[in-house]
Amino acid sequence: MSKKFVIGALAVLGLLAVSLTPAAAATCLSWKTIGGSSMCVAWATKGVQVLVTFRDGCFASGEGQDFEACQVTVTASGSDSIAFCGSPLHPVRVACNQQFTFGPTSLGAGTANSNCVEHEDHESAAGEAHEKHHCVTAATLNPAGAVAAGTACCAAANAGTFLDLTPIEMDTNLAATYFGGGNEVLPCTPGALGCNIQQTCSINPKKIQFITDPAQGREYQCNTECVGDACAPPPPPCDGECIP
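Residues numbered from 1 in each chain as written. Predicted model: local features only at pLDDT ≥ 70, side-chain atom pairs only at ≥ 80, totals over all residues. Heavy atoms only, no water.

A. Examining the state of the cysteines more closely. Within this structure, the stated rule accounts for three disulfides. Each sulfur of the disulfide joining C85 and C154 lies 2.0 Å from the other. Given an S-S torsion of about -85°, the disulfide between C85 and C154 has left-handed geometry. Residue C85 is found in strand β6 (residues 70-87), and its partner C154 is found in helix α3 (residues 144-156); the two are separated by 69 residues along the sequence. Assessed through its relative accessible area of 0%, C85 is described here as buried. The side chain of C201 participates in a disulfide bridge whose partner is C222; the two sulfur atoms lie 2.1 Å from each other. Residues C201 and C222 are joined by a disulfide whose S-S torsion is about 110°; by sign, that bridge is right-handed. Remark: C222 occurs in strand β13 (residues 221-227) and C201 occurs in strand β12 (residues 194-202); sequence separation between them is 21 residues. (Disulfide = S-S within 2.5 Å. Helix = DSSP H or I, 4+ residues; strand = E, 2+ residues; numbered from the N terminus. Buried < 20%, exposed > 50% of the residue type's maximum accessible area, 1.4 Å probe, protein only.)

B. Up close: a negative patch on the surface. Residues D80, E169, D171 and E225 make up a contiguous surface patch of negative charge. Secondary-structure assignment places E169 in strand β11 (residues 162-178). Look at E169 and you get partly exposed, because its relative accessible area is 42%. (Patch = residues over 30% accessible without salt bridge, like charges linked within 9 Å, V, L, I, M, F, W, Y side chains within 5 Å. Areas by Shrake-Rupley, 256 points an atom, 1.4 Å probe, with all protein chains shown as cover. Salt bridge = Lys/Arg side-chain N within 4 Å of Asp/Glu carboxyl O. Lys, Arg positive; Asp, Glu negative; His and termini not counted. Charge placed at Lys NZ, Arg CZ, Asp CG, Glu CD.)

C. Structural view of the pattern of salt bridges. Taken as a whole and judged by the stated rule, the model has one salt bridge. Close ionic contact of D164 with K46 constitutes a salt bridge, the shortest N to O distance being 3.3 Å. Pair noted here: D164 is in strand β11 and K46 is in the loop between β2 (37-45) and β3 (48-55), with a separation of 118 residues, a long-range link. Residue class for D164 comes out buried when judged on its relative accessible area of 12%.

As structure tokens, then:
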């Protein structure tokens, strides 16, 4: 049975799915469940790249046809990075302690990044009951919030024009939503409508290079700080009488 299966990727960055395999992605975060689908995320250099894998059912059926039903919005921020300055042929590497932000960047249903790289089933003779679906999507995060940081560091070092910025350490946030039932970002439990995940990711600075090919990105090591409700911000203070 053919299924059009979740979430998209920037087509030009499909190579990221080769350099960061689903197996590698699975090591960076325990599988969590959204809308009946397991989910995993991995992060890589080249600015900041993200790879998300959905498995086993992140879709909704209607009018006899399956359609994409999941979306993720990702951001990365911090103040410990390497800026590259000068000429692309002879880039100058500069330590940078300016605050940076990559994203927010959205992938999946209703976004520009909606071309899924689907990995097909390998069905047994028993048929559909043994189907295994998974879909890999990847994108480079919007670097607009990092340009000012990199430009300031290049200017302070008198190193020429800003080219790129790569975090050494960063705080990441992924908010996944299953549109089969709503837009809320809820706990990552089976059948939930969403999943919010915050991680702290880092990489050995010696592995950071000026690259133009996303497939040459190096993977970050990440620790999960919180998942689901644990990531929710505290409620705002109430004026007057608070209603429990």
